[in-house]
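# Structure assessment
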Amino acid sequence: MLHEKAKFFKALGDQTRLAIIGCLLKHDHCACDFAAITGKDQTTVSRHLKILCEAGILKYEKEGRYVIYSIMDDNMKDKLENCGIEKFDSCCPDNAADAVSKKEVVKDKYGKIALDVVQGCGCCGDLTKEEISTSIGYSSEDIQSLSAANLGLGCGNPTAIGEIKEGDIVLDLGSGGGFDSFIAARKVGKTGKVIGVDMTEDMIAKARKNAEKYEFDNVEFKQGDIESLPVETGSIDVIISNCVINLAPDKSKVFREAYRVLKNDGRMYVSDIVLLNDLTPEQRNDEDLICACIGGALLKDDYLGMIKDAGFNVEIMDQDKEIGENQYSGYPVMSLKLKAFKADAGLD
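None of the values given here were measured: they were computed from a predicted structure.

Moving on: empty space enclosed by the protein. Throughout the structure, instances matching the rule amount to 1 cavity of 30 Å³ or more. Volume-wise, the largest cavity comes out at about 490 Å³. Considering the residues around the largest cavity, the lining is formed by 34 residues, among which Gly174, Gly176, Asp198, Asn242 and Val244 are closest to the centre. Elements represented by at least two residues in the lining of the largest cavity include exactly helix H6 (93-114), helix H7 (129-135) and helix H10 (179-188). Residue composition of the lining of the largest cavity, grouped by class: 17 nonpolar, 12 polar and 5 charged.

Positive phi values are uncommon outside glycine, yet glutamate 215 reaches one of about 60°. Examined against the element boundaries, glutamate 215 turns out to sit in the loop between helix H11 (201-213) and strand E6 (219-223). Judged by its relative accessible area of 67%, glutamate 215 is exposed. The residue cysteine 293 is not glycine, and still its phi comes out positive at about 70°. Residue placement: cysteine 293 occurs in the loop between helix H14 (287-291) and helix H15 (300-309). According to the relative accessible area criterion, cysteine 293 is buried, its value standing at 1%.

Following the sequence through the fold, threonine 159 ends up in helix H9 (residues 158-161). A distance of 2.4 Å separates a polar atom in the side chain of threonine 159 from a polar atom in the side chain of asparagine 157. If we skip the residues at most four places from it in the chain, threonine 159 touches Tyr138, Ile164, Asp180, Ile183, Ala184, Lys187 and Ile240.

Below, the discussion takes up the side chain of aspartate 198. For aspartate 198, the position within the fold is in strand E5 (residues 193-198). Here the side chain of aspartate 198 touches glycine 176 through a polar contact of 2.9 Å, landing on its backbone nitrogen. Within the local environment of aspartate 198, its side chain forms a polar contact with the backbone nitrogen of threonine 200, the two atoms lying 3.0 Å apart. What aspartate 198 contacts, discounting residues up to four positions off in sequence, is Gly174, Ser175, Gly176, Met203, Ile204, Lys222, Gln223 and Gly224.

Quick look at the pattern of salt bridges now. If charged atoms from side chains of opposite charge come close, those side chains can pair. All chains considered together, the criterion is met by 11 salt bridges. A salt bridge links arginine 267 to aspartate 168, with the shortest nitrogen-to-oxygen separation between them at 3.1 Å. Residue arginine 267 is located in strand E8 (residues 262-275), and its partner aspartate 168 is located in the loop between H9 and strand E4 (169-173); the two are separated by 99 residues in the primary sequence. Its relative accessible area of 8% is what places arginine 267 among the buried residues.

Quick look at the pairing of strand E10 (residues 333-342) now. Extensive coverage of E10 is indicated by the burial of 10 of its 10 residues. What you see with E10 is no split at all: Val333, Ser335, Lys337, Lys339 and Phe341 on one side and Met334, Leu336, Leu338, Ala340 and Lys342 on the other are buried throughout. Bridge count for E8 against E10 is 9 bridges, and the pairing is antiparallel. Each bridged residue has a counterpart across the sheet, and for leucine 275 the counterpart in E10 is valine 333. With 8 bridges connecting them, strand E9 (residues 312-320) and E10 associate as antiparallel partners. Its bridge partner being in E10, glutamine 319 is matched across the sheet by leucine 336.

This part takes up the domain arrangement of the protein. Each assigned domain of the protein is listed here: domain 1 (1-89) and domain 2 (96-340). Taking only C-alpha atoms, the centre of domain 1 and the centre of domain 2 are 34 Å apart. Contacts between the two partners involve 9 residues from domain 1, matched on the other side by 10 residues from domain 2. Both faces combined, the contact of domain 1 with domain 2 buries some 860 Å², and carbon together with sulfur accounts for 51% of it. Here domain 1 and domain 2 share 0 salt bridges between them. Taken together, the links from domain 1 to domain 2 amount to 1 residue pair in polar contact (both at pLDDT 80 or more).

Turning our attention to the sheet that holds strand E7 (residues 236-242). Pairing within the open sheet is mixed, and its 7 strands lie in the order E6-E5-E4-E7-E8-E10-E9. With partners counted over all chains shown, the strands left at the sheet margins are E6 and E9, one partner each. Adjacent strand axes in the sheet meet at a mean angle of 20°, parallel and antiparallel pairs treated alike. On top of the sheet, H11 reaches E5 and E6; it is set at about 165° to E6, its chief contact. Packing against the sheet, H15 makes contact with E8, E9 and E10, and its axis sits at approximately 150° to E9.

We now examine the packing of helix H2 (residues 15-26) against helix H4 (residues 42-54). One way to put it is that H2 packs onto H4 with a least axis distance of 10 Å and a crossing angle of 70°. Considered as vectors, H2 and H4 are oriented roughly perpendicular to each other. Counting all contacts with H2, which are made through Thr16, Arg17, Ile20 and Ile21, the residues of H4 involved are His48, Leu49, Ile51 and Leu52. Considered class by class, the residues forming the contact of H2 with H4 number 5 nonpolar, 2 polar and 1 charged.

Cut-off values and rules
- Residues numbered from 1 in each chain as written.
- Predicted model: local features only at pLDDT ≥ 70, side-chain atom pairs only at ≥ 80, totals over all residues.
- Heavy atoms only, no water.
- 1 Å grid on protein atoms, 1.4 Å probe; cavity = no way out; pocket = protein on both sides within 12 Å on 5 of 7 lines; lining within 4 Å.
- Points joined across faces, edges and corners; volume = space filled by probe spheres on them.
- Helix = DSSP H or I, 4+ residues; strand = E, 2+ residues; numbered from the N terminus.
- Nonpolar A, V, L, I, M, F, W, Y, C, P; charged D, E, K, R; others polar.
- Buried < 20%, exposed > 50% of the residue type's maximum accessible area, 1.4 Å probe, protein only.
- Polar contact = N/O pair within 3.5 Å; in protein donor to acceptor, adjacent residues only side chain to side chain.
- Contact = heavy atoms within 4.5 Å.
- Salt bridge = Lys/Arg side-chain N within 4 Å of Asp/Glu carboxyl O.
- Pairing = 2+ DSSP bridges.
- Domains from an automatic or database assignment.
- Buried area = accessible area lost by both parts, 1.4 Å probe.
- Axes fitted to C-alpha atoms, helices over the stretch in contact; angles between N-to-C directions.
- Parallel < 35°, antiparallel > 145°, perpendicular 65-115°, else oblique.

Pasting the structure below:
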């Protein structure tokens, strides 16, 4: 009995765990929500959830591909409230405000890139956009023929690793000036279609202008948030994304949205920046590092874990560990290229 009480009170002796409990006193949550709620990485969150479950405070059950956590029972809820633990009407008001602030920073920076006020996101020193694109796998023909759409912002070439066929419906997450969308449009042909989604109004305007310039009539650009896609459920054959998901504050939502909009046999091809070692709090909040795809990046295992939690199987296609030295001023990052499938579709 004393041992159980000790576990209970020890479990309450941490601010992160108190935040989790406060949210769950209001309503149940998917395990993948807690990284955004607490501001911690997924590995740390999993450790805290385990402690709370072992103390008899929380329980969980699987609902399809999600794991839903809740308070053990009504008696435990009363006990926690009698301990003075506060319910949160909004799970993470501070983190939510922080997420909005970071999005605004990104929108401002990439809006300036779209308007040619600044060149590049700040990650690659004196390299030209042509040099960057060549180094990450784009052909000279694509770079030269679509030069106005190439902003030199990627960390890989998802259209090169992607199995894009004629007639496919392709979704480009964070379409920027339209470079990847146009390369995909050449592959899907007249019977296919490409939808580019970007949250920055000036980027959408630039991409639409480029579509007219290069006479692509099978591409559509929509302003929207990749955490809440303006796309119908089960309508997409292929998703591509190039160094964009790391900019999203709630990456778990991005992957759940990707799962939602894909057809049952759909697939996703992603190039993104992940961390080899964690950053300091100061680095994570540095606006320049956030816009340079570093400050908001996750550790590799946490990134992969979020994709799997959303319901995907994952195949790693390439890992560029030299990109940190070559393009990211020595920061502990790498470019991860992967292919993801809906779990019930299996691997080819």
